[in-house]
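# Remarks on the overall topology
As a plain string of letters, each chain reads:
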Amino acid sequence: MGANHAEEEPVLPRHGGSSPPGGGGGGSPCPGGVKACAMFLCWCLGAAVVVYMLKLAWTLNEYMIEPEYSVAITAVSGLSPAADLQRGGKELLVSPVFNLTVGVASRSALRGGCVGPGTAIDVSYSVRRLPMAGGRAPEMCAGPKETIEPRPAVARGHDVAVPGFLVDRLAEDMRRGEAVFEVKLMGLEDGGYWKVVTCLLRVGDAPAAALKPCTVSYIGNMLEHSYRSQVIPATFHAQPQTPVARPEDS
């Protein structure tokens, strides 16, 4: 019997030791194993990339939406066919006054629109783009998804020379109410470039009845000097120039 007590009992594995293959102790945190966990992480990363790209595309699209500018000519004086446009020679001097309204509306959720301080108004007869009058636009700003109601403005011309071959055409267009004028709003932006809003209008037409929507274009600051020369003298005062005496004339 002493020999039986001397026999050693088998040693059992302790808790925390390595589990046999297929055992349940100390398993992976992913229910389906490492492969399933990797696939889930890849799916989450792909979904995040797709959401980011969609948001980026939406943001860029919103920033690309230009504000809508509305311009209307409510009345004009100084271009009466009977009183002001009677042909009296090769050319005719007129001093028209245009009453206008200017408004701006934003259609973007991220970008507003402004008519900045000092924005010039340039009115010309669409035939041959004959300059007729100039003035200043009212300053206004619309936030994202905001509309600024039209505000009044005035453009004046003084002794504007209308060539003889255009006098009859302008008089007839005014008589029929079919005279089309090109109105430009020209303002210097913060980036050093010019923003030009161009509209084709008839007198009395509401902005919604314009011949076509106003267009917006930009001119880089490299042309600032040449373009400024067209904007500054916006009143179109036709004044005779005094010839400069040359040395040989004295």
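Heads up: the structure comes first, above all this text.
Predicted model only: the values in this text are computed from it and were never measured.

## Re the environment of Arg136
- Structurally, Arg136 can be placed in strand β6 (residues 130-136).
- What makes Arg136 partly exposed here is its relative accessible area of 44%.
- Each C-alpha atom, one on Arg136 and one on Asp122, is 8.7 Å from the other, the two residues being 14 residues apart in sequence.

## Some thoughts on the pairing of β6
- For β6, the tally of buried residues reaches five of seven residues, placing the bulk of the element in the interior.
- Where strand β5 (residues 120-125) and β6 come together, six bridges link them in antiparallel fashion. Paired with Val123 across the bridge in β6 is Ala133.
- Taken together, β5 and the strand that follows it, β6, pair antiparallel across an intervening segment of four residues, in which Arg128 is found at a positive phi of about 65°.
- Examined bridge by bridge, β6 and strand β8 (residues 147-156) share two bridges and lie antiparallel to one another. Counted as the bridge partner of Gly134 is Arg156 from β8.

About the criteria used
Residues numbered from 1 in each chain as written. Predicted model: local features only at pLDDT ≥ 70, side-chain atom pairs only at ≥ 80, totals over all residues. Heavy atoms only, no water. Helix = DSSP H or I, 4+ residues; strand = E, 2+ residues; numbered from the N terminus. Buried < 20%, exposed > 50% of the residue type's maximum accessible area, 1.4 Å probe, protein only. Pairing = 2+ DSSP bridges.

The values reported here are purely geometric and, on their own, carry no functional implication.
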